[in-house]
Amino acid sequence: MMKGGSGKTEAYDVMVIGGGPSGMMSAGRAAERGKRVLLIEKNRRLGEKLNITGGGRCNITNAEFDTRTLLSHYGDAEQPLYSPFSQYGVEDTFAFFESRGLPLVVEARKRAFPKTQNAKDVTAVMERYVRESNVDVQTESTVTKITIENAHTVRVDTRDRSFIGKNIIIALGGVSHPETGTTGDGFRFLKQLGHTVREPSPDIVPLRVEETWVTNLSGTSLSFMKITFYLDNVQKFSLEGKILFTHFGISGPLILNAARKVKELLRAGVVTATIDCYPDTDFAQLERRIIALFDQHKNKDFKNILDEIVPHGTAKSLADIAPFKDIIEKKVHSVTKEERRALVHALKGLPLTILGLMGFERAVVSDGGVPLTEIDTKTMQSKLYPNLYITGDMLHINRPSGGYSLQLCWTTGYVAGNRV
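None of these values were measured; they are calculated from a predicted model. (Residues numbered from 1 in each chain as written. Predicted model: local features only at pLDDT ≥ 70, side-chain atom pairs only at ≥ 80, totals over all residues. Heavy atoms only, no water.)

One recurring pattern in soluble globular proteins: nonpolar side chains tend to sit buried together. Counting residues in each nonpolar core, the largest one holds 75 residues, and the members touching the most others are Tyr74, Phe97, Ile146 and Trp410. Element by element, the count of residues in this core is highest for helix H14 (residues 404-419), at seven residues. Other than its neighbours up to four places away in sequence, Trp410 contacts Pro21, Met25, Leu50, Ile60, Tyr88, Thr93, Phe97, Val122 and Met126. (Core = buried A, V, L, I, M, F, W, Y, C linked by side-chain atoms within 4.5 Å. Buried < 20%, exposed > 50% of the residue type's maximum accessible area, 1.4 Å probe, protein only. Helix = DSSP H or I, 4+ residues; strand = E, 2+ residues; numbered from the N terminus. Contact = heavy atoms within 4.5 Å.)

Shown next as structure tokens:
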């Protein structure tokens, strides 16, 4: 891989800015077709952000092979994405990696991971693809300016040299995980070129809450919980699944995928939530269960049976909040009917106050970018310039976690590299 340079200007058929998943895919595909390709990356290595995706395991794609069902998860982008996904879809992603010695396994919610469970193996496959396709790679090279001089000439200036090419693919990351170098440079370049750029905001991201009992549970995850969100005390939506408690609030796939809706509610007013610890048990059934437990342990201290009432691992934290703390020192037989019912109400609706979303540093994905109305999605070509192509996180497309973001990168990267 090349580093630095002497200032000499070289001409390429295609210049790709950004060595992430869509950049490596587009560069490799274009070079595979015989094009002379330059890939420019600001980091020392390609795939820095790819290496940390999926908690370091890399959720390569979502194993939903029905295109219509898959694209229903991309919101307003569903229709415009039919063309690129018909050219390169989930089956193609499976074939690409498995044919290169990296078999995939499918886990819950159809999330596909490398069998090795190591994101760096995905990066290694992509680096090998780029190298074997004879792409020129310029690492540790920060782009300072992109100039489209005419329909056949693009100039890219970096801090220490310039490059000339016929076409350019902008495949930089968005603004999530800024520690990997994705600081929104691509949005700035696209604005300077005259494209509309929707301002990014954290999209798939944990939620901050006010309550200390939540932060005291940091590291605890609870399965099969039901969380209901309210706007100014009016119920808006509910979800069921696993909730992870953190030192700042709540996270986990269920919460991450609710963040965009919560963000919209926060713009309108005060957002609160309740957690139903026993969603499959109604109020009366839960009360009968607690009565039976009380009868069995009526001479014990309530604090000694609390762990049998609340979800596993939460007793110490919940003991500090009402109504649990109000009776924590009582004998079980001294707990009144009203106090017992308050326990049931709490277990069916632990209260939360949502302060906001965590920032870009904790975002799995952020939205923002060029609206698809300015892109020919059959080719990923800009409608403003015939020799500009835009892929991956540069596009304003909302999508959930679960492999949808990386599949978008593989698809748009391949289509651009195949058409440029």
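The next subject is the environment of Lys348. Inspection of the secondary structure assignment puts Lys348 in the loop between helix H13 (337-347) and strand E17 (350-357). Taking C-alpha positions, Lys348 is 50 Å from Glu127, a pair spaced 221 residues apart along the chain. Not counting residues within four places of it along the chain, the set of residues in contact with Lys348 comprises Ile275, Asp276, Tyr278, Pro279, Thr281, Asp282, Phe283 and Leu286. Polar contacts involving the side chain of Lys348 include one to the main-chain carbonyl oxygen of Thr281, which spans 2.5 Å. (Polar contact = N/O pair within 3.5 Å; in protein donor to acceptor, adjacent residues only side chain to side chain.)

H14 packs onto helix H1 (residues 21-32) with a crossing angle of 30° between their chain directions and a minimal axis gap of 7 Å. Relative to H14, the element H1 is oriented roughly parallel. Here H1 runs over H14; the crossing is right-handed. For the pair H1 and H14, the contacting residues are Pro21, Ser22, Met25, Ser26, Arg29 and Ala30 in the first and Leu406, Cys409, Trp410, Thr412, Gly413, Tyr414, Gly417 and Asn418 in the second. Partitioning the contact of H1 with H14 into residue classes produces seven nonpolar, six polar and one charged. (Axes fitted to C-alpha atoms, helices over the stretch in contact; angles between N-to-C directions. Parallel < 35°, antiparallel > 145°, perpendicular 65-115°, else oblique. Left-handed = near helix turned anticlockwise from the far one by under 90°. Nonpolar A, V, L, I, M, F, W, Y, C, P; charged D, E, K, R; others polar.)

If a residue is not glycine, its phi is most likely negative; likewise, a peptide bond is most likely trans. For the bond from Ala322 to Pro323, the omega torsion is 0°, close enough to zero to count as cis. Of note, Pro323 is situated in the loop between helix H11 (315-318) and helix H12 (324-327). Phi is positive for Arg109, which is not a glycine, with a value near 60°. What makes Arg109 partly exposed here is its relative accessible area of 42%. The phi dihedral of Lys110 falls on the positive side, at around 60°, and the residue is not glycine. By the element assignment, Lys110 lies in the loop between strand E5 (104-106) and strand E6 (111-114). Looking at Lys110, the relative accessible area reads 40%, which means it is partly exposed.

The full count for this structure, using the stated rule, is 17 salt bridges. Ionic pairing is found between Arg155 and Asp157, a salt bridge with its closest N-O pair at 3.1 Å. Given the relative accessible area of 15%, Asp157 is considered buried. Within the structure, one salt-bridge network assembled from shared partners comprises Lys42, Asp185 and Arg188. (Salt bridge = Lys/Arg side-chain N within 4 Å of Asp/Glu carboxyl O.)

On to the environment of Asp276, then. Tracing the sequence through the fold places Asp276 in strand E16 (residues 271-276). With 69 residues separating them in the primary sequence, Asp276 and His345 have C-alpha atoms 9.2 Å apart. Other than its neighbours up to four places away in sequence, Asp276 contacts Met225, Lys226, Leu347, Lys348 and Gly349. Looking at Asp276, its side chain comes within polar contact range of the main-chain nitrogen of Tyr278, at 2.9 Å.

This next bit is on the sheet that holds E6. In space, the three strands of this open sheet follow the order E4-E6-E5, with antiparallel pairing throughout. This sheet does not close on itself; its edge strands, each paired only once, are strand E4 (61-62) and E5. Two elements, E4 and E6, share two bridges in a ladder whose sense is antiparallel. Bridge pairing in E6 links Thr61 to Ala112. (Pairing = 2+ DSSP bridges.)

The next point concerns helix H10 (residues 283-296). Between its terminal C-alpha atoms H10 stretches 20 Å, which fits the 20 Å expected from 14 residues at 1.5 Å a residue. Within H10, the full set of buried residues consists of Leu286, Glu287, Ile290, Leu293 and Phe294. Projected down its long axis, H10 carries its buried residues within an arc of 120°, all on one side. Those residues of H10 that are exposed and angled more than 90 degrees off the buried face are Arg288, Asp295 and Gln296. For H10, the secondary structure elements touched by its buried residues are H13. In this structure Asp282 caps H10, since a side-chain oxygen of it lies 3.3 Å from the backbone nitrogen of Ala284. (Expected span 1.5 Å × (residues − 1). Arc of directions from axis to C-beta.)

We now examine the side chain of Ser162. Looking at where Ser162 falls in the secondary structure, it is placed in strand E10 (residues 162-170). Separated by 3.1 Å, the side chains of Ser162 and Arg155 make a polar contact. A polar side-chain atom of Ser162 sits 2.5 Å from a polar atom in the side chain of Asp157.

In this model, the protein chain carries a mean pLDDT of 91, and residues with pLDDT of at least 70 account for 92%. Low pLDDT (under 50) marks residues 176-182, which in the prediction has 28 contacts with non-local residues, meaning those over four places away or in another chain. (pLDDT = per-residue confidence, 0-100.)

Moving on: the sheet that holds strand E15 (residues 249-251). The strand order around the closed barrel built from six strands is E12-E15-E14-E13-E16-E17, with neighbouring strands paired in antiparallel fashion. Within the sheet, the average angular offset between the axes of one strand and its neighbour, ignoring direction, is 45°. Examined bridge by bridge, strand E12 (residues 207-209) and E17 share three bridges and lie antiparallel to one another. Note that in E17 the partner of Leu207 across the bridge is Leu357. The strands that helix H9 (residues 259-266) touches are E12, strand E13 (221-231), strand E14 (234-245), E16 and E17; relative to E17, the one it contacts most, it runs at about 85°.

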